[in-house]
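Spelled out, the chains give:
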Amino acid sequence: MRQNPSFAMTDVSELRRLIDHHPWVTLVSQGDTGLVASHYAVLLDDDRHDLTIVGHVGKPDDAILGLGEKELLVVVQGPHGYITPKWYGDVPAVPTWNFVSAHLSGIPELLSPAENLRVLERLVERFEGTGDEARGLYTLPNDVAFVERLEQGTVGFRLTPTRVTAKRKLSQNKAPEVVDTIIAGLTEHNPALAAEMSRAAAARVRP
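Everything numeric in this text was worked out from a predicted model, so none of it was measured.

Trainee: An account of the overall build of the protein chain is requested, with residue identities and associated values reported.
Mentor: Scanning the protein chain from N- to C-terminus turns up six helices and eight strands. Each principal axis of the C-alpha distribution contributes one length, and for the protein chain these read about 65 × 45 × 30 Å. Within the span of the protein chain, comprising 207 residues, buried residues form 43% of the whole. Taking the intrachain contacts of the protein chain between residues at least 6 apart in sequence as the baseline, contacts between residues at least 24 apart amount to 71%. With the model as given, the accessible surface of the protein chain reaches about 11,500 Å², and the carbon-plus-sulfur share is 55%. Here the protein chain carries 21 positive and 27 negative side-chain charges, and the mean point of each set is 8 Å from the other.

This is the structure we're talking about:
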């Protein structure tokens, strides 16, 4: 991802927020016959305060990706969408695409079965919830033996990135009144991107 200094995203808390809100990521690696990609949910490592993530892949994706042996690129995709030039006013302009994205690279460490089970349980709790109707990993009719067999078909990993490239392209190069017009135009059909632009605009005007 080509970086532009005015769109660079470097604040760790904002990057953690991006990962936390958009956990469905793309895992890219150099396979034996070329590039390979898989798609999985990840979580921030709850024992760390940096950009370390944990997750799992199903077998044989671990072998296809060279998990634990080769560099892994994790692509995190936040809100994004088309920006029409009509929102710029009566000036020469072309369309563009606003987006928030981060690339995390490094060689992941493989988790022990016990660590992997903890990650699997965290993943279920995160997306299933913990209410009375939630179906937890160990909720009956699941039992310990069933969950352990499930774990054996997966490989858990922890990635502390050695390289991070993140970009937040949200019309920062436009006048505030133009940004307001874009946000208003996006609000109905792309509220997630509108909200992200509003957040970024508010941060720019803070003293």
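Back to the text.
Trainee: Tell me about the side chain of Ser171, and please be specific about residues and values.
Mentor: Secondary-structure assignment places Ser171 in the loop between β8 (163-169) and α5 (176-189). With a relative accessible area of 3%, Ser171 lands in the buried category. A polar contact is formed between the side chain of Ser171 and the side chain of Asn98, at a distance of 2.9 Å. Other than its neighbours up to four places away in sequence, Ser171 contacts Asn98, Val179, Ile182 and Met197.

Trainee: So, the packing of aromatic side chains: which residues are in play, and what are the values?
Mentor: Within this structure, the stated rule accounts for one aromatic pair. Note on Tyr82 and Trp97: the rings are 6.3 Å apart at their centroids and 65 degrees apart in plane angle, and the pair reads as edge-to-face. Placement of the pair is Tyr82 in strand β4 (residues 72-83) and Trp97 in strand β5 (residues 96-106), with a sequence separation of 15 residues. When the ring centre of Tyr88 is taken as reference, the NZ or CZ atom of Lys174 above it lies at 4.3 Å.

Trainee: Please provide a residue-by-residue account of the nonpolar core, values included.
Mentor: By size, the foremost hydrophobic cluster in this structure holds 39 residues, and its most contacted members are Leu27 and Val74. Residues in contact with Val74, not counting those within four places in the same chain, are Val25, Thr26, Leu27, Ile53, Ala102, His103, Leu104 and Leu159. Ala41, Leu43, Val54 and Leu123 belong to the second-largest nonpolar core, a separate cluster that totals six residues.

Trainee: Requested: an account of the pattern of salt bridges, with residues and values cited.
Mentor: Under the definition given, this model contains 13 salt bridges. Between Glu14 and Arg17 there is a salt bridge whose closest N-O contact spans 3.9 Å. Residue Glu14 and its partner Arg17 are located together in helix α1 (residues 12-21), separated by three residues, close to a single helical turn. On the basis of relative accessible area, Arg17 is assigned to the partly exposed category, the value being 21%.

Trainee: Go over the environment of Gln152 with me, naming the residues and quoting the values.
Mentor: Checked against the element boundaries, Gln152 lands in helix α4 (residues 144-152). Taking relative accessible area as the criterion, Gln152 reaches 53% and is therefore assigned exposed. Each C-alpha atom, one on Gln152 and one on Pro113, is 7.7 Å from the other, the two residues being 39 residues apart in sequence.

Trainee: A description of the environment of Ala37 should follow, citing residues and the corresponding values.
Mentor: As for its position among the elements, Ala37 is in strand β2 (residues 34-44). Not counting residues up to four positions away in its chain, the partners in contact with Ala37 are Thr26, Leu27 and Val28.

Trainee: Go over unusual backbone geometry with me, naming the residues and quoting the values.
Mentor: The residue after Lys59, namely Pro60, is reached through a cis peptide bond having omega 10 degrees. Looking along the chain, the bond that leaves Leu140 and enters Pro141 is cis, with omega of 15 degrees. Relative to the helices and strands, Pro141 resides in the loop between α3 (113-128) and α4. Positive phi, close to 65 degrees, is recorded for Ser171, a residue that is not glycine.

Trainee: Account for the sheet that holds β4, naming residues and giving values.
Mentor: By definition, the strands of a sheet pair up through backbone hydrogen bonds, in either a parallel or an antiparallel sense. If you walk across this open sheet you meet the eight strands as β6-β7-β3-β2-β1-β4-β5-β8, and the pairing is antiparallel. This sheet does not close on itself; its edge strands, each paired only once, are β6 (109-110) and β8. With seven bridges connecting them, β5 and β8 associate as antiparallel partners. From the neighbouring strand, Ala102 faces β8, where its bridge partner is Ala166. Sheet strands touched by α1: β2, β3 (53-58), β4, β5 and β8. Its angle to β5, the strand with the most contacts, is close to 95 degrees.

Calculation criteria
Residues numbered from 1 in each chain as written. Predicted model: local features only at pLDDT ≥ 70, side-chain atom pairs only at ≥ 80, totals over all residues. Heavy atoms only, no water. Helix = DSSP H or I, 4+ residues; strand = E, 2+ residues; numbered from the N terminus. Buried < 20%, exposed > 50% of the residue type's maximum accessible area, 1.4 Å probe, protein only. Contact = heavy atoms within 4.5 Å. Areas by Shrake-Rupley, 256 points an atom, 1.4 Å probe, with all protein chains shown as cover. Lys, Arg positive; Asp, Glu negative; His and termini not counted. Charge placed at Lys NZ, Arg CZ, Asp CG, Glu CD. Polar contact = N/O pair within 3.5 Å; in protein donor to acceptor, adjacent residues only side chain to side chain. Phe/Tyr/Trp six-rings, centres within 6.5 Å; stacked < 30°, edge-to-face > 60°. Lys NZ or Arg CZ within 6 Å of the ring centre and 35° of its normal. Core = buried A, V, L, I, M, F, W, Y, C linked by side-chain atoms within 4.5 Å. Salt bridge = Lys/Arg side-chain N within 4 Å of Asp/Glu carboxyl O. Pairing = 2+ DSSP bridges. Axes fitted to C-alpha atoms, helices over the stretch in contact; angles between N-to-C directions.

Geometry only, nothing functional implied.
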